[in-house]
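Structural characterization, general
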Amino acid sequence: MVNRKEMDKYMPILSNCSFFGGMESGEIQAVLGCIGAYIIKAEKGKYIFRAGDSTDVMGMVLSGGVFIIQEDVWGHRNIMAKCHPGDFFGEIYAASPGSVLNISVIAEADTTVLMMDVKRLMSSCSSACDHHQRLIRNLVGVLANKVMAFNEKITHISKRSTREKLLSFLSNESQRQGSLSFDIPFNRQELADYLCVERAAMTVEISKLQKEGILKTNRKHFELSAQ
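Residues numbered from 1 in each chain as written. Predicted model: local features only at pLDDT ≥ 70, side-chain atom pairs only at ≥ 80, totals over all residues. Heavy atoms only, no water.

**Looking at the overall build of the protein**
- When you go through the protein residue by residue, the secondary structure sums to nine helices and 11 strands.
- Relative to its length of 227 residues, the protein is compact, with a C-alpha radius of gyration of 19 Å against a globular reference of 17 Å.
- Buried residues in the protein amount to 43% of all 227 residues.
- Counting only contacts in the protein whose residues sit at least 6 apart along the sequence, the fraction spanning at least 24 positions is 71%.
- Surface exposure of the protein reaches about 11900 Å², of which carbon and sulfur atoms provide 50%.
- One finds the centroid of the 27 positive side-chain charges in the protein at a distance of 3 Å from the centroid of its 25 negative side-chain charges. (Helix = DSSP H or I, 4+ residues; strand = E, 2+ residues; numbered from the N terminus. Rg over C-alpha atoms; globule rule 2.2 N^0.38 Å. Buried < 20%, exposed > 50% of the residue type's maximum accessible area, 1.4 Å probe, protein only. Contact = heavy atoms within 4.5 Å. Areas by Shrake-Rupley, 256 points an atom, 1.4 Å probe, with all protein chains shown as cover. Lys, Arg positive; Asp, Glu negative; His and termini not counted. Charge placed at Lys NZ, Arg CZ, Asp CG, Glu CD.)

**Brief notes about the packing of aromatic side chains**
- Applying the stated criterion across every chain yields a total of seven aromatic pairs.
- Judged by centre distance (4.9 Å) and plane angle (75°), the rings of Phe19 and Phe20 are edge-to-face. Residue Phe19 shares its accessibility class with Phe20, and that shared class is buried.
- The exposure class of Phe19 is buried, given its relative accessible area of 0%.
- These aromatic residues form a ring-pair network of at least three members: Phe19, Phe20 and Phe88. (Phe/Tyr/Trp six-rings, centres within 6.5 Å; stacked < 30°, edge-to-face > 60°.)

**A short note on the sheet that holds strand 1 (residues 38-42)**
- Across the sheet, which stays open at both edges, the four strands sit in the order 1-8-3-6 with antiparallel pairing between neighbours. With one partner strand each, in any of the chains shown, strand 1 and strand 6 (88-89) form the two edges of the open sheet.
- As judged from the two bridges shared by strand 3 (residues 57-63) and strand 6, these two strands associate in the antiparallel manner. Of the residues in strand 6, the one forming a bridge with Met60 is Phe88. (Pairing = 2+ DSSP bridges.)

**Some remarks on the pattern of salt bridges**
- A full pass over the atoms with the stated rule returns eight salt bridges.
- Ionic pairing is found between Lys119 and Asp56, a salt bridge with its closest N-O pair at 3.6 Å. With a gap of 63 residues between them, Lys119 in helix 5 (residues 118-122) and Asp56 in the loop between strand 2 (47-49) and strand 3 connect regions that are remote in the sequence.
- A relative accessible area of 47% places Lys119 in the partly exposed class.
- Through salt bridges with shared partners, a single network forms among Arg163, Glu205, Lys208 and Glu212. (Salt bridge = Lys/Arg side-chain N within 4 Å of Asp/Glu carboxyl O.)

**So, the nonpolar core**
- Counting 27 residues, the largest nonpolar core has Leu14, Phe19, Phe20, Leu32, Leu114 and Met116 as its most contacted members.
- Those elements giving two or more residues to this core turn out to be helix 2 (11-15), helix 3 (25-34), strand 3, strand 8 (111-117), helix 5 and helix 6 (130-157).
- Ranked by the residues each element gives to this core, the list is headed by helix 3, at four residues.
- Leaving out residues up to four positions away in the same chain, Leu32 has contacts with Val2, Met7, Leu14, Phe20, Ala37 and Leu114. (Core = buried A, V, L, I, M, F, W, Y, C linked by side-chain atoms within 4.5 Å.)

**Quick notes on the environment of His132**
- Within the fold, His132 resides in helix 6.
- The spatial distance from the C-alpha of His132 to the C-alpha of Cys34 is 7.7 Å, given a sequence separation of 98 residues.

**Some thoughts on helix 8 (residues 188-195)**
- Across the eight residues of helix 8, seven count as buried, placing the element largely inside the fold.
- Of the residues making up helix 8, those classed as buried are Arg188, Glu190, Leu191, Ala192, Asp193, Tyr194 and Leu195.
- For helix 8, the capping residue at the N-terminal end is Asn187, with a side-chain oxygen 3.2 Å from the backbone nitrogen of Gln189.
- Where helix 8 terminates, the next one or two residues include Cys196, which has phi positive at roughly 60°. (Polar contact = N/O pair within 3.5 Å; in protein donor to acceptor, adjacent residues only side chain to side chain.)

**So, the pairing of strand 11 (residues 221-224)**
- Where burial is concerned, the two faces of strand 11 differ: the one with Phe222 and Leu224 is buried and the one with His221 and Glu223 is not.
- Looking at chain direction, strand 9 (residues 181-183) and strand 11 are connected through three bridges and run antiparallel. Across the sheet, residue Phe182 finds its bridge partner in strand 11, namely Phe222.
- Relative to strand 11, strand 10 (residues 215-218) runs antiparallel, the two being bridged by four bridges. Each residue of the ladder has a partner; that of Leu215, found in strand 11, is Leu224.
- The antiparallel hairpin formed by strand 10 and strand 11 contains two residues in its connecting segment, where Arg219 sits at a positive phi of about 60°.

Written out as structure tokens, the structure is:
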């Protein structure tokens, strides 16, 4: 079970998370016991979930970050998403009893994760508390956001060329962050893995786009031209 004192330092993250929307800190602490929550820590590079496994729990990142990835037997990696503090993973599989994961979850840095038992979440607790029912409703919003994020990735990788995939992603990030100057959550290799392209080919396209005056970049920072 989750330690109440340990959770106090993470309460700002939980309070700002849509999953616990409408709850005070005391209510959140109470409902964590209701759904069998517990904390795990994963060092950078450690697998939290592996493809081929099944799970009854979903995770919420409290510190650090994780990559949702797909890998083939030759080690080729496709980054499906990156989760930051306050983001969830595994909820779709945990909500489908007996389903087998076709993704892996790996710690992007030293990471702390709150695990929650979805079976206990989906069934009413003995006291039929209002908080429990609110969590079930909020989970629908979490799942909807995950579907939208997946649709964004499909939009990017469905483009025909590396250039078009790159511009689709950068345009979406600019619109999402409300600025032509923004940071992305990936380094170059991670971005290539996310867009399902070769890093060398993507680097060439970035160089061309800079020469054409379409963008400027420095590591994870990009600035798009409005012309």
